[in-house]
Amino acid sequence: MKKKAIYPGSFDPITFGHLDLLKRSCKLFDDLTIAVVVNPHKKALFTVDERVAMIKMATKKYRNVKIDKFDGLLVDYAKKVKANVIIRGLRAIADFEYEFQMALVNRSLYKPLDMVYMMPSVEYTYLSSSIVREVASLGGDVSGFVSTFIAGKLKEKFNNA
Ligand code: ADP
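This one's a predicted model, so the numbers in the text were calculated from it and none came from an experiment.

A.B. asks: Can you help me understand the sheet that holds strand S2 (residues 31–37) in this one?
C.D. replies: In sheet architecture, strand pairing relies on hydrogen bonds along the backbone and comes in two forms, parallel and antiparallel. Pairing in this open sheet of five strands is parallel, and the strands run S3-S2-S1-S4-S5 from one edge to the other. Looking at the sheet topology across the chains shown, the edges are occupied by strand S3 (65–70) and strand S5 (114–118). For this sheet the average axis-to-axis angle between neighbouring strands, irrespective of direction, equals 30°. In terms of strand pairing, strand S4 (residues 85–89) meets S5 through five bridges, oriented parallel. Bridge pairing in S5 links Ile87 to Val116. Running at roughly 150° to S2, helix H2 (residues 48–58) makes contact with S2 and S3 of the sheet.

Structure follows, in C-alpha coordinates:
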(Lines give C-alpha, C1' and ligand atoms only; values in the text may rest on other atoms or scores of the structure.)
Protein backbone atom coordinates (compact mmCIF):
# COMPACT_ATOMS: atom_id res chain seq x y z
CA MET A 1 0.00 0.00 0.00
CA LYS A 2 1.22 3.49 -0.84
CA LYS A 3 2.11 5.68 2.09
CA LYS A 4 0.37 9.01 1.77
CA ALA A 5 1.03 12.01 3.99
CA ILE A 6 -0.03 15.63 4.30
CA TYR A 7 2.30 18.42 5.33
CA PRO A 8 -0.03 21.25 6.41
CA GLY A 9 0.87 24.81 7.35
CA SER A 10 0.70 28.49 6.54
CA PHE A 11 3.94 28.63 4.51
CA ASP A 12 3.89 32.45 4.55
CA PRO A 13 6.39 32.12 2.87
CA ILE A 14 8.03 28.67 2.49
CA THR A 15 11.51 28.70 4.09
CA PHE A 16 14.60 26.48 4.09
CA GLY A 17 13.21 24.99 7.33
CA HIS A 18 10.07 23.78 5.53
CA LEU A 19 12.21 22.46 2.67
CA ASP A 20 14.49 20.61 5.08
CA LEU A 21 11.45 18.79 6.48
CA LEU A 22 10.10 18.14 3.03
CA LYS A 23 13.34 16.53 1.90
CA ARG A 24 13.27 14.20 4.90
CA SER A 25 9.58 13.36 4.45
CA CYS A 26 10.01 12.54 0.76
CA LYS A 27 12.23 9.64 1.74
CA LEU A 28 9.55 8.22 4.02
CA PHE A 29 6.36 8.67 2.01
CA ASP A 30 5.42 7.78 -1.56
CA ASP A 31 2.86 10.52 -1.89
CA LEU A 32 3.19 13.81 -0.07
CA THR A 33 0.85 16.80 -0.25
CA ILE A 34 1.85 20.21 1.02
CA ALA A 35 -1.47 21.69 2.07
CA VAL A 36 -1.72 25.43 2.62
CA VAL A 37 -4.22 26.35 5.31
CA VAL A 38 -6.79 28.92 4.23
CA ASN A 39 -7.48 30.77 7.45
CA PRO A 40 -9.48 33.99 7.05
CA HIS A 41 -8.81 34.90 10.71
CA LYS A 42 -5.02 34.84 10.36
CA LYS A 43 -3.59 37.80 8.56
CA ALA A 44 -1.04 36.62 6.04
CA LEU A 45 1.55 38.55 4.05
CA PHE A 46 1.05 36.50 0.87
CA THR A 47 -2.31 35.37 -0.49
CA VAL A 48 -2.97 31.64 -0.52
CA ASP A 49 -2.50 31.53 -4.29
CA GLU A 50 0.80 33.39 -4.05
CA ARG A 51 1.96 30.93 -1.40
CA VAL A 52 0.91 27.95 -3.52
CA ALA A 53 2.79 29.37 -6.53
CA MET A 54 5.94 29.95 -4.45
CA ILE A 55 5.78 26.43 -3.01
CA LYS A 56 5.42 25.03 -6.54
CA MET A 57 8.55 26.86 -7.62
CA ALA A 58 10.52 25.84 -4.54
CA THR A 59 9.59 22.15 -4.73
CA LYS A 60 9.56 21.41 -8.45
CA LYS A 61 12.46 18.95 -8.17
CA TYR A 62 10.39 16.63 -5.95
CA ARG A 63 8.38 14.27 -8.10
CA ASN A 64 6.22 12.78 -5.35
CA VAL A 65 5.11 16.14 -3.93
CA LYS A 66 1.75 17.78 -4.65
CA ILE A 67 0.55 21.21 -3.55
CA ASP A 68 -2.98 21.92 -2.41
CA LYS A 69 -4.92 24.28 -0.16
CA PHE A 70 -7.70 23.56 2.30
CA ASP A 71 -10.02 25.27 4.73
CA GLY A 72 -11.86 23.91 7.73
CA LEU A 73 -10.63 21.06 9.87
CA LEU A 74 -7.42 19.28 8.99
CA VAL A 75 -9.03 15.93 9.85
CA ASP A 76 -11.79 16.54 7.30
CA TYR A 77 -9.22 17.35 4.65
CA ALA A 78 -7.22 14.23 5.58
CA LYS A 79 -10.36 12.08 5.20
CA LYS A 80 -11.17 13.70 1.87
CA VAL A 81 -7.76 12.99 0.35
CA LYS A 82 -7.48 9.61 2.09
CA ALA A 83 -4.30 10.37 3.99
CA ASN A 84 -3.75 9.18 7.53
CA VAL A 85 -0.37 10.69 8.29
CA ILE A 86 0.25 14.35 9.07
CA ILE A 87 3.78 15.70 9.04
CA ARG A 88 4.75 18.55 11.32
CA GLY A 89 8.03 20.06 12.38
CA LEU A 90 9.45 20.45 15.86
CA ARG A 91 11.77 23.38 16.41
CA ALA A 92 13.69 23.92 19.62
CA ILE A 93 11.05 23.51 22.33
CA ALA A 94 8.59 26.20 21.33
CA ASP A 95 6.47 23.96 19.08
CA PHE A 96 6.01 21.12 21.53
CA GLU A 97 3.06 22.16 23.66
CA TYR A 98 0.86 23.29 20.80
CA GLU A 99 1.72 20.27 18.67
CA PHE A 100 1.11 17.85 21.53
CA GLN A 101 -2.37 19.28 22.01
CA MET A 102 -3.17 19.31 18.28
CA ALA A 103 -1.98 15.72 17.83
CA LEU A 104 -4.25 14.41 20.54
CA VAL A 105 -7.24 16.52 19.52
CA ASN A 106 -6.87 15.52 15.87
CA ARG A 107 -6.59 11.88 16.76
CA SER A 108 -9.66 12.01 18.95
CA LEU A 109 -11.54 13.56 16.00
CA TYR A 110 -10.25 10.96 13.56
CA LYS A 111 -8.84 7.75 15.03
CA PRO A 112 -6.79 6.48 12.05
CA LEU A 113 -4.79 9.70 11.97
CA ASP A 114 -1.16 9.75 13.08
CA MET A 115 1.15 12.70 13.33
CA VAL A 116 4.81 12.35 12.38
CA TYR A 117 7.11 14.97 13.89
CA MET A 118 10.42 15.74 12.33
CA MET A 119 13.34 17.84 13.46
CA PRO A 120 15.14 19.98 10.94
CA SER A 121 18.91 20.35 10.63
CA VAL A 122 20.22 22.28 13.57
CA GLU A 123 20.81 25.45 11.50
CA TYR A 124 17.07 25.72 10.85
CA THR A 125 15.77 25.05 14.35
CA TYR A 126 15.38 28.76 15.00
CA LEU A 127 13.86 29.60 11.62
CA SER A 128 10.21 30.57 11.10
CA SER A 129 8.26 32.34 8.37
CA SER A 130 7.42 35.09 10.84
CA ILE A 131 11.07 35.93 11.55
CA VAL A 132 11.76 35.93 7.81
CA ARG A 133 8.87 38.39 7.27
CA GLU A 134 10.18 40.54 10.10
CA VAL A 135 13.75 40.67 8.75
CA ALA A 136 12.52 41.33 5.20
CA SER A 137 10.18 44.09 6.36
CA LEU A 138 13.17 45.88 7.88
CA GLY A 139 15.21 45.55 4.71
CA GLY A 140 17.46 42.72 6.01
CA ASP A 141 19.11 40.00 3.93
CA VAL A 142 16.98 36.83 3.97
CA SER A 143 19.04 34.87 1.43
CA GLY A 144 20.14 32.42 4.15
CA PHE A 145 16.54 31.59 4.98
CA VAL A 146 14.56 31.41 1.72
CA SER A 147 15.16 30.75 -1.99
CA THR A 148 16.32 33.68 -4.12
CA PHE A 149 13.01 34.11 -5.92
CA ILE A 150 11.13 34.16 -2.60
CA ALA A 151 13.56 36.77 -1.27
CA GLY A 152 12.62 38.77 -4.39
CA LYS A 153 8.90 38.34 -3.70
CA LEU A 154 9.41 39.56 -0.13
CA LYS A 155 11.25 42.61 -1.42
CA GLU A 156 8.42 43.36 -3.85
CA LYS A 157 5.82 43.09 -1.06
CA PHE A 158 7.63 45.43 1.28
CA ASN A 159 8.66 47.90 -1.40
CA ASN A 160 5.04 48.23 -2.48
CA ALA A 161 3.70 48.41 1.06
P1 ADP B 1 1.63 26.83 10.98
O2 ADP B 1 1.00 28.19 10.93
O3 ADP B 1 0.67 25.70 10.76
O4 ADP B 1 2.55 26.58 12.15
P5 ADP B 1 4.00 27.08 9.39
O6 ADP B 1 4.11 27.38 7.93
O7 ADP B 1 4.57 28.09 10.32
O8 ADP B 1 2.50 26.81 9.66
O9 ADP B 1 4.66 25.67 9.67
C10 ADP B 1 4.19 24.50 9.07
C11 ADP B 1 4.91 23.35 9.72
O12 ADP B 1 6.30 23.41 9.39
C13 ADP B 1 4.84 23.33 11.24
O14 ADP B 1 4.76 22.00 11.68
C15 ADP B 1 6.14 23.93 11.66
O16 ADP B 1 6.55 23.44 12.93
C17 ADP B 1 7.05 23.41 10.57
N18 ADP B 1 8.20 24.29 10.40
C19 ADP B 1 8.23 25.59 10.05
N20 ADP B 1 9.50 26.07 10.03
C21 ADP B 1 10.28 25.03 10.41
C22 ADP B 1 11.68 24.87 10.64
N23 ADP B 1 12.53 25.87 10.53
N24 ADP B 1 12.11 23.66 11.01
C25 ADP B 1 11.25 22.65 11.19
N26 ADP B 1 9.94 22.72 11.02
C27 ADP B 1 9.45 23.90 10.64
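From this point on, the discussion continues.
A.B. asks: Sorry if this is basic, but what is going on with the pairing of S2 here?
C.D. replies: The side chains of a regular strand alternate between the sheet's two faces. Most of S2 sits out of view: six of its seven residues are buried. Taken together, the six bridges between strand S1 (residues 4–9) and S2 define a ladder with parallel strand orientation. Paired with Gly9 across the two strands is Val36, which belongs to S2. In the classification by handedness, the crossover that spans S1, the intervening helix H1 (residues 16–28) and the parallel S2 is right-handed. Relative to S3, S2 runs parallel, the two sharing six bridges.

A.B. asks: Can you walk me through the pattern of salt bridges in this structure?
C.D. replies: In this structure the tally under the stated criterion is nine salt bridges. Here Arg24 and Asp20 are joined by a salt bridge, their closest N and O atoms 2.7 Å apart. Remark: Asp20 and Arg24 occur in helix H1; sequence separation between them is four residues, near one turn of the helix. Between Asp114 and Arg107 there is a salt bridge; the shortest N-O distance is 3.5 Å.

A.B. asks: Would you take a moment to explain the site of the ligand for this structure?
C.D. replies: As a structural note, the neighbourhood of the ligand is formed by 16 residues, with Tyr7, Ser10, Gly89, Tyr124 and Leu127 the closest of them. One nitrogen or oxygen atom from the side chain of Arg88 is found 3.1 Å from an oxygen atom belonging to the ligand. Within the backbone of Leu127, one N or O atom sits 2.9 Å away from a nitrogen atom of the ligand. Alone, the ligand offers 540 Å² of accessible surface; in the complex the protein occludes 89% of this. For the shell around the ligand, the elements supplying multiple residues, two or more each, are S1, H1 and S4.

The rules we used
- Residues numbered from 1 in each chain as written.
- Predicted model: local features only at pLDDT ≥ 70, side-chain atom pairs only at ≥ 80, totals over all residues.
- Heavy atoms only, no water.
- Pairing = 2+ DSSP bridges.
- Helix = DSSP H or I, 4+ residues; strand = E, 2+ residues; numbered from the N terminus.
- Axes fitted to C-alpha atoms, helices over the stretch in contact; angles between N-to-C directions.
- Contact = heavy atoms within 4.5 Å.
- Buried < 20%, exposed > 50% of the residue type's maximum accessible area, 1.4 Å probe, protein only.
- Right-handed = clockwise from strand over helix to strand, strands pointing away.
- Salt bridge = Lys/Arg side-chain N within 4 Å of Asp/Glu carboxyl O.
- Near = heavy atom within 4 Å.
- Polar contact = N/O pair within 3.5 Å; in protein donor to acceptor, adjacent residues only side chain to side chain.
- Areas by Shrake-Rupley, 256 points an atom, 1.4 Å probe, with all protein chains shown as cover.

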